[in-house]
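Coordinates in review
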Amino acid sequence: MASVRLSRWVIALLIAYIGLITVIQIETAGNGLVRWSGYSVLTPLTAAALLPVRRTLIVGVPAVAAVVGTYGFEIHEVSAGGRVVAISAVVLSFGLSPVICRMRLSRERYRRHAAVRNQLAFLSSAGRRIGKVRPLDMTHTARQAAEVAVPRFADFAAVDLSDTVLRGREPSPELLRGPFSLRCVAERSVSADRPHRTLNRETGPDFPEVAAPLRLSANVRPARAYRLSEDEVAHWLGLNPFPATPGRRSRVHSAIVAPLCSCRGAVLGAMVFIRHQRPEPFDADDLVIAEEIAMRTAVYVDNALRHACAHGMARSLRRSLLPRHLPQLAAVEAAGRHLAADPPHAGLDTAWFDVIPLSSARVALVVGKVPGHGVRTFATAAQLRAAVRALADLDLPPDELLAHLGDVLMSLPAKGARTPHGQPVAAVGGTADDLRASCLYAVYDPVSRRCALAGSGHPPPAVVTPDGGVETVDLPPGPGLGLGGLPFEAVEMDLAEGSLLALSTDSLVGSCHQHPAGSRALREILEPGRPALDVMCESLLATLLDHRPHDDAALLLVRTRTLDAGSVATWALPSSLSAVPDARAYVSGQLAAWGLEDGACGSDLVVSELVTNAVRHAAPPVQLRVIRQENSLIYEVSDGSSTPPRQRRSQAYDECGRGLFLVSELTERWGVRHGPDGKTVWAEQACAPASSDHRRL
């Protein structure tokens, strides 16, 4: 539109020039001279140099008509030769004007095509270089973008990213609502005297002056680049951005800012392009190029951000799979190690381990693995770990627990699953359509020294006996979790006090008796001085692993302990209410023998309620057992009924129904454990250590 308006002004000026030169020629032609006729030749040539062909002809026709009318009809004093020369010169210039105009337009078209080809080649080169070497490193991507822009496009280029993006978090939509902070991550200049960037400070500055235009340009899709004013450039770069040098301009005369926006509309940062040496300023075509460079840079920065977010989520899920610290228990001494996979192969398998306190001073040992990679695998492993803890509270045997765990895994949505409404279930990562997992679950009782184990597609554990022998548990191979069809089998074995049980997610210690170095490493625990299990874990991993594994590896070492006969007291009770005062007397006498008569407040009431429920609502035989630990007492009442008790909410005038409520208030925890011949109701109560006088006894 501007070029059309300019052409009209040029035509009007040339027509006015034709009229003016015609009047001058008529007034000065009295002596028969044609010296002013040469000025009429300039009109077609000027039109050819400034206008298109059609408008050139529009201007040339009045020029020829004015010369013919002037020297053919108006002026009579000029000779015939002079008339011919004057008219022929103008006619010749008129005939040459379309040719000159076409040559000029062809040259301009060639220049435009060459400029377009250069721009396309530049953008193609930028596309090949930006984000190709290390596409998930946003700092390296920003550095590549700055190197691409300088010196072919700008004299100085910088990439500024939001602090939120650099911390690996998705930027908030409120970023550009007010003053915002950016951090300079890459810059490049054609000269050594780079500007003093205030953005290089550890804390990014606020930008109220450029927030409004950046917000407006970022809200347009696609995001638009815009030119910076001199004040905005000074604020963006800092005062006196480019010091003056001899023979060169010191002030920035043209600058562009292009927002870096993700496909989701989040503003990641901005790119700034500056020209201070080359004389030509940025034009409209340069704005398009700046937008294209910023768009390509934003794509790779956004990919790096999404990778960082997914990696951070995976790290959080991985940390949630492992216990923060292993519990200190009277049954076992435990230590574990988790070795993450090598970064190029991170997440090929996800492993976890756990140590879960159970009732009656028992402990559950768990090691598991979920094959696959990605966040989906971590989430599956986390769900299985939570399910194992929930099922362990039910005191299920190992084989039944694995069967329920397999049902839990099969109930999880597989990759490609859909909701009842036909919507796809969100699932990130994963390599298989069906979820699979392996798990090894063991329960150790320090009173009976019995250990029950069951496995599902998992290598059996290794046992180091106190005399130094190393053997692998003969565990029946069970199907992997999620496969279904075959039942799980459990085995039981006796473990002597001080035995070492080694569970792992792969064959690290499953066949240590065939690995001389592994056997020696396991026997070191029995050497004089008895090194700590943590030291043993490190030694075992260093011995059996030559390099970092390609998938997760977990190792759990457990040294068993036993509760001697002096820490356990058992009484058989009659199935009548007369057993209640006898049970209180038995327990009071045993606590006095242990020196805990003052450290277990409310023990007589707890025992009374448990025994009363057994003789009133259950079947014989009834048995009472008390287990002493370092800081707690465990009361167990066994009966021949499989019906579990239920805690009720009694009304104000009810005469019964408050027994289990009192038990829950006086103890740390309580529960029910089912067995083949009935059930056991247990309660654990915290107590003070035995008195020093009793310890001397």
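Here, every reference points to the structure presented above.
Reference entry: report on the structure contained in this document. (Residues numbered from 1 in each chain as written. Predicted model: local features only at pLDDT ≥ 70, side-chain atom pairs only at ≥ 80, totals over all residues. Heavy atoms only, no water.)

Brief notes about the nonpolar core
To keep things clear, this is the line we draw: For our purposes a nonpolar core is just a set of buried Ala, Val, Leu, Ile, Met, Phe, Trp, Tyr and Cys residues, chained together by side-chain atoms within 4.5 Å. Exposure classes here rest on a 1.4 Å probe applied to the protein chains alone. A residue is buried below 20% of its type maximum, exposed above 50%, and partly exposed in between. Per the convention used, a helix needs a DSSP run of H or I reaching at least four residues, while a strand needs a run of E reaching at least two, with both numbered from the N terminus. By the convention used here, residues are in contact when the closest approach between their heavy atoms is within 4.5 Å.
Counting residues in each nonpolar core, the largest one holds 36 residues, and the members touching the most others are Phe153, Val159, Leu260, Met271, Phe273 and Ile293. Of the residues forming this core, the biggest block, 10 residues, is contributed by helix H9 (residues 284-321). Leaving out residues up to four positions away in the same chain, Phe273 has contacts with Ala149, Phe153, Ala154, Phe156, Ala157, Ser254, Ala255, Ile256, Ala258, Phe282, Ala290 and Ile293.

Let's talk about the environment of Arg337
Its place among the elements puts Arg337 in strand E6 (residues 332-339). Judged by its relative accessible area of 24%, Arg337 is partly exposed. Residue contacts for Arg337: discarding those within four places in its chain leaves Phe353, Asp534, Cys537, Glu538, Leu541, Ala553, Ala554 and Leu555.

Considering the packing of aromatic side chains
To be explicit about the condition: Side-chain rings of Phe, Tyr and Trp, where Trp is taken by its six-membered ring, are said to pair if the distance between their centres is within 6.5 Å; with planes under 30 degrees apart they count as stacked, over 60 as edge-to-face, and otherwise as tilted. Two conditions define a charge sitting above a ring: the NZ of Lys or the CZ of Arg must be within 6 Å of the ring centre, and it must be within 35 degrees of the ring normal.
Taken as a whole, this structure holds 3 aromatic pairs when the rule is applied. Here the aromatic rings of Phe153 and Phe282 are separated by 5.4 Å at their centres, their planes lie at 40 degrees, and the arrangement is tilted. Here Phe282 lies in the loop between strand E5 (267-275) and H9 and Phe153 lies in the loop between helix H5 (138-149) and strand E1 (156-162), a separation of 129 residues in the sequence. The exposure class of Phe153 is buried, given its relative accessible area of 3%. Considering the side-chain rings of Trp571 and Tyr586, the 5.6 Å spacing of their centres and the 15 degrees angle between planes classify their relative orientation as stacked. Placement of Trp571 in strand E16 (residues 568-573) and of Tyr586 in helix H14 (residues 579-594) is noted, with a sequence separation of 15 residues between them. Here a set of aromatic residues connected by ring pairs shows up, and it is made of Phe153, Phe273 and Phe282. Sitting over the ring of Phe153, Arg275 keeps its end group 5.7 Å from the ring centre.

Things to note about the pattern of salt bridges
To keep things clear, this is the line we draw: We define a salt bridge as a contact between a side-chain nitrogen of Lys or Arg and a carboxyl oxygen of Asp or Glu at a distance within 4 Å.
Within the structure shown, the criterion is met by 14 salt bridges. Between Asp286 and Arg275 there is a salt bridge, and its shortest N-O distance comes to 3.5 Å. Of this pair, Asp286 sits in helix H9 while Arg275 sits in strand E5, and the two are 11 residues apart along the sequence. Taking the relative accessible area as the measure of exposure, Arg275 reaches 5% and is therefore buried.

Here we look at the sheet that holds E6
Applied cut-off: In short, DSSP must find at least two bridges between two strands for them to pair. Here the axes come from fitting lines to C-alpha atoms, over the contacting stretch only for helices, and the angles between their N-to-C directions go from 0 to 180 degrees.
Spatially, E6-E15-E14-E11-E12 is the arrangement adopted by the 5 strands of the open sheet, whose pairing is antiparallel. With one partner strand each, in any of the chains shown, E6 and strand E12 (470-472) form the two edges of the open sheet. The average undirected angle you get between the axes of adjacent strands in this sheet is 20 degrees. In the sheet, strand E14 (residues 500-504) pairs with strand E15 (residues 553-560) via 5 bridges, with the strands oriented antiparallel. Across the sheet, residue Ala502 finds its bridge partner in E15, namely Leu557.

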